[in-house]
Amino acid sequence: MLLHDMADKFNAVSDQLPLPDQIRLDPALSEILDDEVRHLARLLAFLAGESARRHRASTNYPARPTATVRRTTLALASAAEPAGLALAALGAAVHHLGQLSALAHQAPGPARTRAIAIEEQRLVDRLGDSRIHLARAAKQLHQAADTRTPPAATVPSAAAAASPSRSR
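Residues numbered from 1 in each chain as written. Predicted model: local features only at pLDDT ≥ 70, side-chain atom pairs only at ≥ 80, totals over all residues. Heavy atoms only, no water.

## With respect to the packing of helix α1 (residues 2-16) against helix α2 (residues 27-60)
Geometrically, a packed helix pair is captured by the angle between its two axes and the distance between the axes. It is the contact of α1 with α2, at a shortest axis distance of 9 Å, that shows an interaxial angle of 160 degrees. By the angle between their directions, the pair α1 and α2 is classed as roughly antiparallel. Our pair here, α1 against α2, has a crossing hand that is left-handed. Facing α1, whose interface residues are L2, M6, K9, F10, V13 and Q16, α2 presents I32, E36, H39, L40, L43, F46, L47 and R54. Split into classes, the residues belonging to the contact of α1 with α2 amount to 9 nonpolar, 2 polar and 3 charged. (Axes fitted to C-alpha atoms, helices over the stretch in contact; angles between N-to-C directions. Helix = DSSP H or I, 4+ residues; strand = E, 2+ residues; numbered from the N terminus. Parallel < 35°, antiparallel > 145°, perpendicular 65-115°, else oblique. Left-handed = near helix turned anticlockwise from the far one by under 90°. Contact = heavy atoms within 4.5 Å. Nonpolar A, V, L, I, M, F, W, Y, C, P; charged D, E, K, R; others polar.)

## Some remarks on α1
A rise of 1.5 Å per residue sets the reference length of α1, with its 15 residues, at 21 Å; its end C-alpha atoms lie 21 Å apart and thus fit the reference within 8%. What α1 keeps buried is the set L3, M6, A7, F10, V13 and S14. End-on view of α1: buried residues confined to an arc of 115 degrees, all on one side of the axis. The inward-facing, buried residues of α1 abut α2, α3 (67-103) and α4 (110-146). (Expected span 1.5 Å × (residues − 1). Buried < 20%, exposed > 50% of the residue type's maximum accessible area, 1.4 Å probe, protein only. Arc of directions from axis to C-beta.)

## Focus on the nonpolar core
Within the largest apolar cluster, 30 residues are counted, with the highest numbers of intra-cluster contacts made by F10, L33, L123, L127 and L141. Where this core is concerned, the elements lending two or more residues are α1, α2, α3 and α4. In this structure, L141 is in contact with L3, M6, A7, F10, A75, L76 and A79, ignoring residues within four places of it in sequence. (Core = buried A, V, L, I, M, F, W, Y, C linked by side-chain atoms within 4.5 Å.)

## Concerning the packing of α1 against α3
As a packed pair, α1 and α3 sit with axes 11 Å apart at the nearest point and diverge in direction by 10 degrees. By the angle between their axes, α1 is roughly parallel relative to α3. Each of L2, L3, M6 and F10 in α1 lies in contact with α3, whose residues at this interface are T72, A75, L76, A79 and A83. In the contact of α1 with α3, the residues fall into 8 nonpolar, 1 polar and no charged.

## A few points about the side chain of E50
By the element assignment, E50 lies in helix α2. Within the structure, E50 has its side chain in polar contact with the side chain of R53 (distance 2.6 Å). Engagement of the side chain of E50 in a polar contact is seen with the side chain of R54, the distance being 2.8 Å. (Polar contact = N/O pair within 3.5 Å; in protein donor to acceptor, adjacent residues only side chain to side chain.)

## A short note on the layout of surface pockets
Rolled over the atoms, a probe with the dimensions of a water molecule shows which regions are left empty. As a volume, the largest pocket reaches approximately 230 Å³. In this structure, the largest pocket is lined by 13 residues; those nearest its centre are M1, L3, T68, T72 and A145. Put simply, the parts of the chain that give the lining of the largest pocket at least two residues each are α1, α3 and α4. Partitioning the lining of the largest pocket into residue classes produces 5 nonpolar, 4 polar and 4 charged. By volume, the second largest pocket is sized at about 190 Å³. Lining the second largest pocket are R54, H55, A57, S58, Y61, R64, P65, V69, R70 and T73. Going through the elements one at a time, α2 and α3 are the ones with two or more residues in the lining of the second largest pocket. Among the residues making up the lining of the second largest pocket, the classes are represented as 4 nonpolar, 3 polar and 3 charged. (1 Å grid on protein atoms, 1.4 Å probe; cavity = no way out; pocket = protein on both sides within 12 Å on 5 of 7 lines; lining within 4 Å. Points joined across faces, edges and corners; volume = space filled by probe spheres on them.)

## Re the pattern of salt bridges
Using the criterion set out here, one finds 6 salt bridges in the structure. A salt bridge links D34 to R38, with the shortest nitrogen-to-oxygen separation between them at 2.9 Å. Of the two residues, D34 and R38 are both situated in helix α2; the distance of 4 residues between them amounts to about one turn of the helix. Note that E50 is salt-bridged to R53, the shortest N-O span being 2.6 Å. Of the two residues, E50 and R53 both sit in helix α2, 3 residues apart, roughly one turn of that helix. (Salt bridge = Lys/Arg side-chain N within 4 Å of Asp/Glu carboxyl O.)

Encoded structure:
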């Protein structure tokens, strides 16, 4: 449940990000980015903290971790990388939004128009990158949660396999 819950939270952050055709350069976009950066930072902090706690527990009590606990711990730790990349992409989006804000106060002209177009495209690209990384983290968590160790196959005993039965 923990892995599915975390995956759903990553998907929720992704769903809150505006799509390319919804990006408007107004204060609402800044507020959305602020909220989602904070939310994603909390999720990343949880991943790091939970992984560290589980690592310490496995070190202090080596006989306790089961295969499921180890798989869950690895999945949480693995999801931290795409979550960090998503957070970095959101940070870059905030930077490009700041650049756009600064460009809005410059004198109109062809250079400003080109610079605005470039920064808008970079903003759209970074939001798309963040969405991709969040989807990757969610997918990894869902896959890890859905992975179950298959039941052990019953192997016939060596004596039964060595002497084939004859029917007369």
